[in-house]
Amino acid sequence: MSTDAKNNTALMEKIVSLCKRRGFIFQSSEIYGGCGGVWDYGPLGAELKRNLRTAWWNAMTREREDVLGLDASILMNPAIWKASGHVDTFADLMRECSLTNKRVRADHVDPQDGVIMNYTGAQAPTGWKLDRVISVLMKKGEHIESLRKRVRTLIASNAGEAAGKPEEIELLGEAKGDTVEGSVDFHPETGGALGPARPFNLMLKTYLGPTATEDDVTYLRPETAQAIFAQFKNVFDSSRMKVPFGVCQIGKAFRNEVTPKNFTFRSREFEQMELEFFIKPDEAVEIISGEVAQWSENADLSEPQPNWGWDMWHRYWVAQRTRFYEGIGLGGVLEYYWQTPDDLAHYARACVDILCDFPFGTEELEGIAARGSFDLTAHQTASGKTQEVFDEDLKNAAAKLTNEQKEALIQKRLAAEQAKVKGEPMPEADVRAWFERLFKGNYVPHVIEPSAGLDRMALAIIANAFNETEKTDEKGKKEVITVLRLHPRVAPIKVGVFPLLKNKPELVAKAREVYALLKKHMNVFYDETASIGRRYARQDEVGTPFGITIDFDTLGEKGPELQDTVTLRHRDGGEQERVKICDLLPKLLAAVS
RNA sequence: GCGGGUGUAGCUCAGUGGUAGAGCACUUCCUUGCCAAGGAAGAUGUCGCGCGUUCGAAUCGCGUCACCCGCUCCA
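Treat the numbers as computed from the prediction; the structure is a model and nothing was measured.

Here is what the cut-offs are and how they apply
- Along each chain, residues carry numbers from 1 onward, in the same order as the chain's sequence is written.
- Following the order in which they are written, the chains are lettered starting with A and the ligands numbered starting with 1.
- Predicted model: local features are reported for residues with pLDDT of at least 70 only, side-chain atom pairs are reported and counted for 80 or more only, and whole-chain, interface and lining totals are derived from all residues.
- Think of the side-chain values as coming from all heavy atoms in the structure, minus any hydrogens and water.
- Here a strand is any run of E in DSSP of at least two residues, a helix any run of H or I of at least four, and the numbering for each starts at the N terminus.
- Here the accessible surface of atoms and residues is derived via Shrake-Rupley with a 1.4 Å probe, and residues count as covered only by protein chains that are part of the display.
- Note on method: axes are straight lines fitted to C-alpha atoms, helices fitted across the in-contact stretch only, with angles between N-to-C directions ranging 0 to 180 degrees.
- Here roughly perpendicular refers to angles of 65 to 115 degrees, roughly parallel to angles under 35, roughly antiparallel to angles over 145, and oblique to all remaining angles.
- Each crossing gets its hand from how the near helix is turned against the far one by less than a right angle, where anticlockwise is left-handed and clockwise is right-handed.
- It only takes one pair of heavy atoms within 4.5 Å for two residues to be counted as in contact.
- Put plainly, a pocket is an open set of points on a 1 Å grid over the protein atoms alone with protein on both sides within 12 Å along at least five of seven lines, a cavity is a set where a 1.4 Å probe fits but cannot get out, and a lining residue has an atom within 4 Å of a point.
- Grid points are joined across faces, edges and corners, and a volume is the space filled by probe spheres set on the points.
- Under the scheme applied here, ten amino acids are nonpolar (Ala, Val, Leu, Ile, Met, Phe, Trp, Tyr, Cys and Pro), four are charged (Asp, Glu, Lys and Arg), and all others, including Gly, are polar.
- To qualify as a nonpolar core, a set must consist of buried Ala, Val, Leu, Ile, Met, Phe, Trp, Tyr and Cys residues joined through side-chain atoms within 4.5 Å.
- Accessible area is worked out with a 1.4 Å probe on protein chains only. A residue is then buried under 20% of its type maximum, exposed over 50%, and partly exposed in between.
- Any two strands are treated as partners once DSSP identifies two or more bridges connecting them.
- pLDDT measures how confident the predictor is about each residue, on a scale from 0 to 100.
- Only centres within 6.5 Å qualify two rings of Phe, Tyr or Trp (six-membered ring in Trp) as a pair; their planes then separate them into stacked at under 30 degrees, edge-to-face at over 60, and tilted for everything else.
- Any residue with a heavy atom lying within 4 Å of a molecule or strand is counted as near it.
- Polar contact is defined as a pair of N or O atoms within 3.5 Å, subject to the rule that within protein one atom must be able to donate a hydrogen and the other to accept it, and that residues adjacent in sequence are counted only when both atoms are side-chain atoms.

## Some points on the overall build of chain A
Thinking step 1. Within chain A, the secondary structure is distributed over 17 helices and 29 strands.
Thinking step 2. C-alpha extents for chain A along the principal axes are approximately 95 × 80 × 55 Å.
Thinking step 3. Within the structure as shown, chain A displays about 29,800 Å² of accessible surface, and the carbon and sulfur contribution to it stands at 50%.

See below:
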């Protein structure tokens, strides 16, 4: 491991340790030895998550006119997961390469010719040993030395650092095996023998009903999005909304990840915050507005416009989400990755990953995808229930088009279908049928999907707020000071209230008064033990942005001007100001909301 | 899933076959005049879990679970 990587691992360990010590995050089921890939949030973690959830919910729906909330069940009719493609994608039989553990779909192995080479194991000068039979296909025309080199390289990369340099690995007990033709038992790239075909499903299966037969199988949802699609018509019909509008949801999702890792970053149970923002197809926008706005570097994305097509809406949501992250203190550590056509799923038109700096690397916080009408159309087809909306503006505008104008639109779309890089072009008859419905004002909405992970967000917040400095006191004793520089809005505790001394009843009584005053409005922590400095430090470590100290001036010892004023201490920098008790609440509320 | 590593007090760790330890944290009391002060007393561990070897296991062996690292996976 490089020095950087080691430092980052050490940093991550400190963060994990702080999270446990101060009650942010615990290992699930710890007293029973834990449970792989799931985590519990302690008192402070629960507050932090709640603050993030509230910030998101407010930004996405309460502060907007065009987005509504939903809270759907985790268990759903399994037909939803068949329609969405989740069952098929994950129910494939997979085979694993015995050399590299690379997986391939069992039905996607190309037949190969060659000679099977067998080894009884391998060893390295580092003392590392592999004690298992290795079978590799020496492809027709391949030189034995080239095969050996390949095997050594693959073994070394799979074994990690323990095996040392590939060229020093010794292959043991080489023996020539059978000659095969058209064999599908070897990995097409590595040549390693493939293991048995096994189902590989990332969805957590369960049974609805006590009989637990295969007929009762359903899944814990692997994403919250599908519930929004499945309830689209109900929300639309019950809310009097018009496209464009969105439906958002916060909730748990479950994936049987192969390797949960990086603390809470990739876990098997996690919380998603997703918005499905439904928009008109570009053709509808063009008919109504006469044009579709083109994006450029200096495009104004602040207010949605009627002539926005999917591209503008997509970029608008990227900008909106960026603003959100800035508002919770992550503005400085974001990166963006625009997926290339190769990365994109066939149904997606564009997808931006919002990445964030973590100690273990720059990783995805949120994905913002333009998914076309893929999801609603899939549910329409599978359920047999129309997911179309009727758009009167569109019908009226279309009625004014000449036949030539209509045909021009159809021709433009047909050309676009032919130019598609991924997926099959839509047959002309289907395109014409679709336009037929469109000209009457009917279409299945398209969608922009910003999908964020709450647990990742919480981890990003903690990791980026984590700050350690070394301090030397008067006696020359060095100590490490830890401060979580959390944005006041997300901090689990907003303010600490301290009497300067605990053996002066007047100070304690006044401090309890201030505590009671603030507690109704925010999470406040009262502490009278240990020295004032230590109490400040304890709160710094959990990111409490403010500290209030009740001292003798508060009691009026230095005269009436200072009576009923307190010291307000700021976490970052430790500067202090004198504030009247009656001014505290408005001042603090402004800072934390 | 593969390979490597780790697991001892709340945290960080020492302890290599013979009575479980330190620092910090914690509790109580005294003291305290703004940034991890001091004093006194105290509590805290089936040494991840299970099986085995042994007169005796935190220590050795096997298994298992969890976490970390590297692969792999990640619509």
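Once the structure has been displayed, the description carries forward.
## Some thoughts on the packing of helix α8 (residues 282-289) against helix α13 (residues 428-439)
Each pair of packed helices gets described by two things: the angle between the helix axes and the distance between those axes.
Thinking step 1. Running from N to C, α8 and α13 point in directions that differ by 45°, and their axes come no closer than 11 Å. Taken together, the axis directions place α8 and α13 in an arrangement best described as oblique. Here α8 and α13 pass one another in a crossing that is right-handed. Residue-level inspection shows Glu283, Ala284 and Ile287 of α8 in contact with α13, the latter providing Trp434, Phe435, Leu438 and Phe439.

## Remarks on the layout of surface pockets
Thinking step 1. One number sums up the size of the largest pocket: a volume of about 1,600 Å³.
Thinking step 2. Arg349, Arg413, Glu417, Lys420 and His446 are, among the 49 residues lining the largest pocket, the residues nearest its centre.
Thinking step 3. Contributing elements (two or more residues each) for the lining of the largest pocket: α8, α9 (310-327), β19 (361-372), α10 (374-383), α12 (403-419), α13 and β21 (442-443).
Thinking step 4. Broken down by element, the lining of the largest pocket gets its largest block of residues, six residues, from α12.
Thinking step 5. By residue class, the composition of the lining of the largest pocket is 22 nonpolar, 11 polar and 16 charged.
Thinking step 6. As a volume, the second largest pocket reaches approximately 1,200 Å³.

## A look at the nonpolar core
Thinking step 1. Ranked by internal contacts, the top residues of the largest apolar core, which has 61 residues, are Phe24, Leu52, Trp317, Tyr325, Ile328 and Ile448.
Thinking step 2. Of the residues forming this core, the biggest block, nine residues, is contributed by helix α14 (residues 454-465).
Thinking step 3. Counting residues in each nonpolar core, the second largest holds 39 residues, with Met76, Ile80, Phe278 and Phe439 among its members.

## As for the sheet that holds strand β28 (residues 565-570)
Thinking step 1. A sheet is described by the order of its strands in space; here five strands give the open sequence β26-β25-β27-β28-β29, paired in mixed fashion. Here the strands that pair on one side only, and so sit at the sheet edges, are β26 (524-526) and β29 (576-580). Pairs of neighbouring strands in the sheet enclose a mean axial angle of 25°, with direction left out of account.
Thinking step 2. Both β28 and β29 contribute to a ladder of five bridges, which runs antiparallel.

## Regarding the confidence of the model for chain A
Thinking step 1. Taken residue by residue, chain A gives an average pLDDT of 90. The fraction at 70 or more is 95%.
Thinking step 2. The weakest mean pLDDT in chain A belongs to strand β12 (residues 198-199) at 65; the strongest belongs to β21 at 98.
Thinking step 3. On the interface metric, ipTM, the complex scores 0.93, and its pTM is 0.89.

## With respect to empty space enclosed by the protein
Thinking step 1. Evaluation of the coordinates by the stated rule reveals one cavity of 30 Å³ or more.
Thinking step 2. Taken as a whole, the largest cavity holds about 40 Å³ of empty space.
Thinking step 3. In terms of lining residues, the largest cavity is bounded by Phe498, Tyr536, Gln539, Asp540, Thr544, Pro545, Phe546, Gly547, Arg569, His570 and Arg571.
Thinking step 4. Elements with a contribution of two residues or more to the lining of the largest cavity: α16 (532-541), β27 (546-550) and β28.
Thinking step 5. Broken down by element, the residue count for the lining of the largest cavity peaks at three residues, all from α16.
Thinking step 6. The residue inventory of the lining of the largest cavity, partitioned by class, reads four nonpolar, four polar and three charged.

## Concerning the side chain of serine 135
Thinking step 1. Mapping serine 135 onto the fold places it in strand β9 (residues 134-139).
Thinking step 2. Serine 135 has contacts with Ser98, Ile116, Met117, Asn118, Phe186, Gly191, Gly192 and Ala193, leaving out every residue within four places of it along the chain.

## A few points about the packing of aromatic side chains
For any two aromatic rings, the description comes down to two numbers: the centre-to-centre distance and the angle of the planes.
Thinking step 1. Counting across every chain of the model gives 22 aromatic pairs.
Thinking step 2. With a centroid separation of 5.2 Å and an interplanar angle of 70°, the aromatic rings of phenylalanine 265 and phenylalanine 358 are classed as edge-to-face. You can see phenylalanine 265 sitting in the loop between β15 (245-254) and β16 (269-279) and its partner phenylalanine 358 sitting in strand β18 (residues 350-358), a full 93 residues away along the chain. Here phenylalanine 265 and phenylalanine 358 have matching classes, each one buried.

## Let's talk about the protein's contact with RNA strand B
Thinking step 1. Near RNA strand B lie 60 residues; those nearest to it are Lys20, Gln27, Arg266, Ser531 and Phe552.
Thinking step 2. Put simply, 56% of the atoms of RNA strand B that lie within 4 Å of the protein are in sugar or phosphate.
Thinking step 3. At 3.4 Å, a backbone N or O of glycine 36 approaches a phosphate oxygen of RNA strand B.
Thinking step 4. Contact distances for RNA strand B include 2.6 Å between a base oxygen and a side-chain N or O atom of tyrosine 536.
Thinking step 5. Those elements that place two or more of their residues in the surface near RNA strand B are α1 (3-21), α4 (86-91), α5 (144-159), β24 (478-484), α16 and β28.
Thinking step 6. Ranked by residue count, the leading element in the surface near RNA strand B is α16, at six residues.
Thinking step 7. Considered class by class, the residues forming the surface near RNA strand B number 20 nonpolar, 22 polar and 18 charged.

## Overview of unusual backbone geometry
Leaving glycine out, the prevailing phi sign among residues is negative, and the prevailing peptide bond configuration is trans.
Thinking step 1. In this chain, valine 243 is followed by proline 244 through a cis amide linkage whose omega measures 5°.
Thinking step 2. Here proline 244 is to be found in the loop between α7 (232-239) and β15.
Thinking step 3. One non-glycine residue, serine 29, adopts positive backbone phi at about 55°.
Thinking step 4. Mapping serine 29 onto the fold places it in the loop between β1 (25-27) and β2 (39-41).
Thinking step 5. Located in the positive-phi region is arginine 240, a residue other than glycine, with phi close to 60°.
Thinking step 6. Structurally, arginine 240 is set in the loop between α7 and β15.

## A closer look at the packing of α8 against helix α11 (residues 392-399)
Thinking step 1. One way to put it is that α8 packs onto α11 with a least axis distance of 8 Å and a crossing angle of 60°. Considering how the two elements wind past one another, α8 and α11 form a crossing that is left-handed. Listed contacts from α11 to Ala284, Ile287 and Ile288 of α8 are Asp393, Leu394, Ala397 and Ala398.
Thinking step 2. Residue composition of the contact of α8 with α11, by class: six nonpolar, no polar and one charged.

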